[in-house]
Amino acid sequence: MHHDVTELRDFYLTPLGRVARHITSSEIRSVWPSARTDRVLGLGHTTPYLRPFLAEAERVVAVMPASEGILHWPPEGPNVTALAFEDRLPLPDNSIDKLLMVHLLEATRDPVSVLREAWRVLVPAGRILVVVPHRTGAWARADHTPFGLGRPYSSLQLTRLLADASMEPLQTRRFLCVPPSRRRLILRSTRGWERVGRQLWPRFSGVIAVEAEKVMVRGIPVAKKEFSLRVAVPGLAPVPKPATCAITCEAKTPPAPPEGSRTTTAH
């Protein structure tokens, strides 16, 4: 179940949405400080986080899920958004250098298929950054935010999903420790909440992000097992009789007497 694109847009226009966008954008930028000559793809609802890449990347494309809807973006320039099914991207193989995924994996029905499709469009050794709500965080329970939709993940669950899609996890980020509250007192002290939360309770952060690399060749462990065929015989099974010899033995003739010997005949 996906959010409507207008609901996502309206959330990021609120004070709480601006806080979430600022903190998440800072983390994304720290993972990817530069994208020069790269082709960047945003999958899900990524337009609030793609603006820093517009000026430096070779190309930026934002693909929104078909069930979510689409909006023209950026409003001041040519449109770079497209509408497609998340597991069937209209892109050729090995065409994307960096792929950012936000507000998608927790809402899609088949996350493994989505990640495998991302693997297909990434170049060899391409990078993917997946941002999802943290299972133990407060944002996953906040229904008034888009992070409260769908299934949240733990860092172990997300890394296993990436590994199943032939992605090698490289690093994990935990952030958005500020409570998802609309109160002005909370919103004015977001820096303090983030600094203290990352030091004292990182396991309760609202969002986790995992960067992974596309793996081209993956070894398959093979366990050698000795094969032996055993036939189980019941304890009360009848014992077969020995087979009779069908070969008839010829009668033996006595040996001939030696020369010069006498033979007696009984009368």
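Structure first, text after, so check above.
About the criteria used
Each chain has its residues counted from 1, running along the sequence as written. In view of the model being predicted, local features appear only for residues whose pLDDT reaches at least 70, and side-chain atom pairs are presented and counted only at 80 or more, with totals across whole chains, interfaces and linings using the full set of residues. Each side-chain value is worked out from all heavy atoms of the structure, with water and hydrogens disregarded. Strand pairing is assigned whenever DSSP detects at least two bridges linking the two strands. A run of H or I in DSSP becomes a helix once it reaches four residues, and a run of E becomes a strand once it reaches two; helices and strands are each numbered from the N terminus. Lines are fitted to the C-alpha atoms to define the axes, a helix being fitted only along its stretch in contact, and any angle between axes, read from their N-to-C directions, falls within 0 to 180 degrees. Contacts are assigned to residue pairs that have any heavy atoms within 4.5 Å of one another. Only protein atoms enter the 1 Å grid used here, on which a cavity is any set of points holding a 1.4 Å probe that cannot leave and a pocket is any open set flanked by protein within 12 Å on both sides along at least five of seven lines; residues with an atom within 4 Å of a point are listed as lining. Grid points are joined across faces, edges and corners, and a volume is the space filled by probe spheres set on the points. Classes in brief: Ala, Val, Leu, Ile, Met, Phe, Trp, Tyr, Cys and Pro nonpolar; Asp, Glu, Lys and Arg charged; the others, Gly included, polar. An angle counts as roughly parallel when it lies under 35 degrees, as roughly antiparallel when it exceeds 145, as roughly perpendicular when it falls between 65 and 115, and as oblique in every other case. Each helix crossing is assigned a hand: it is left-handed if the near helix lies turned anticlockwise from the far helix by less than a right angle, otherwise right-handed if that turn is clockwise.

### Some points on the sheet that holds strand E6 (residues 167-175)
Sheet strands line up and pair through hydrogen bonds in the backbone, either parallel or antiparallel.
1) Next: Here we have seven strands laid out as an open sheet, ordered E3-E2-E1-E4-E5-E7-E6, and mixed in their pairing. The open sheet is flanked by strand E3 (81-84) and E6, the only strands paired with a single partner. Neighbour-to-neighbour, the strand axes of the sheet open up by a mean angle of 20°, direction not taken into account.
2) Next: Examined bridge by bridge, strand E4 (residues 96-102) and strand E5 (residues 122-133) share six bridges and lie parallel to one another. Bridge assignment links Val-102 to a residue of E5, and that residue is Val-131.
3) Next: Helix-sheet contacts for helix H3 (residues 47-54) involve strand E1 (39-44), strand E2 (59-65), E3 and E4, and the interaxial angle to E2 is about 170°.

### Comments concerning empty space enclosed by the protein
1) Next: In the structure shown here, the tally under the stated rule is one cavity of 30 Å³ or more.
2) Next: Of the pockets and cavities examined, the largest cavity occupies roughly 50 Å³.
3) Next: Surrounding the largest cavity, His-2, His-3, Leu-8, Glu-68, His-103, Glu-106, Ala-107, Pro-146 and Leu-149 form its lining.
4) Next: Tallied by class, residues from the lining of the largest cavity come to four nonpolar, three polar and two charged.

### Observations concerning the layout of surface pockets
The method is simple in principle: a probe with the dimensions of a water molecule rolls over the atoms, and the space it marks as empty is what remains.
1) Next: In this model, the largest pocket occupies a volume close to 340 Å³.
2) Next: In terms of lining residues, the largest pocket is bounded by 15 residues, among which Arg-21, Thr-47, Pro-48, Arg-51 and Trp-73 are the most central.
3) Next: For the lining of the largest pocket, the secondary structure elements donating two or more residues are helix H2 (15-31) and H3.
4) Next: The greatest single-element share of the lining of the largest pocket, amounting to four residues, is contributed by H3.
5) Next: Residues belonging to the lining of the largest pocket are distributed by class as follows: eight nonpolar, four polar and three charged.
6) Next: Of the pockets and cavities examined, the second largest pocket occupies roughly 240 Å³.
7) Next: Together, 13 residues line the second largest pocket, and His-2, Ser-67, Glu-86, Thr-108 and Arg-109 are the ones closest to its centre.
8) Next: Residues that form the lining of the second largest pocket fall into these classes: five nonpolar, three polar and five charged.

### Concerning the packing of helix H4 (residues 111-121) against helix H5 (residues 155-164)
1) Next: Remark: H4 packs on H5, axes separated minimally by 9 Å, with the N-to-C direction vectors making an angle of 55°. Taken together, the axis directions place H4 and H5 in an arrangement best described as oblique. Relative to H5, H4 is oriented so that their crossing is right-handed. Here Pro-111, Val-112, Leu-115 and Arg-116 of H4 lie close against H5, whose contacting residues are Leu-161, Leu-162 and Asp-164.
2) Next: Looking at the contact of H4 with H5, its residues break down into five nonpolar, no polar and two charged.

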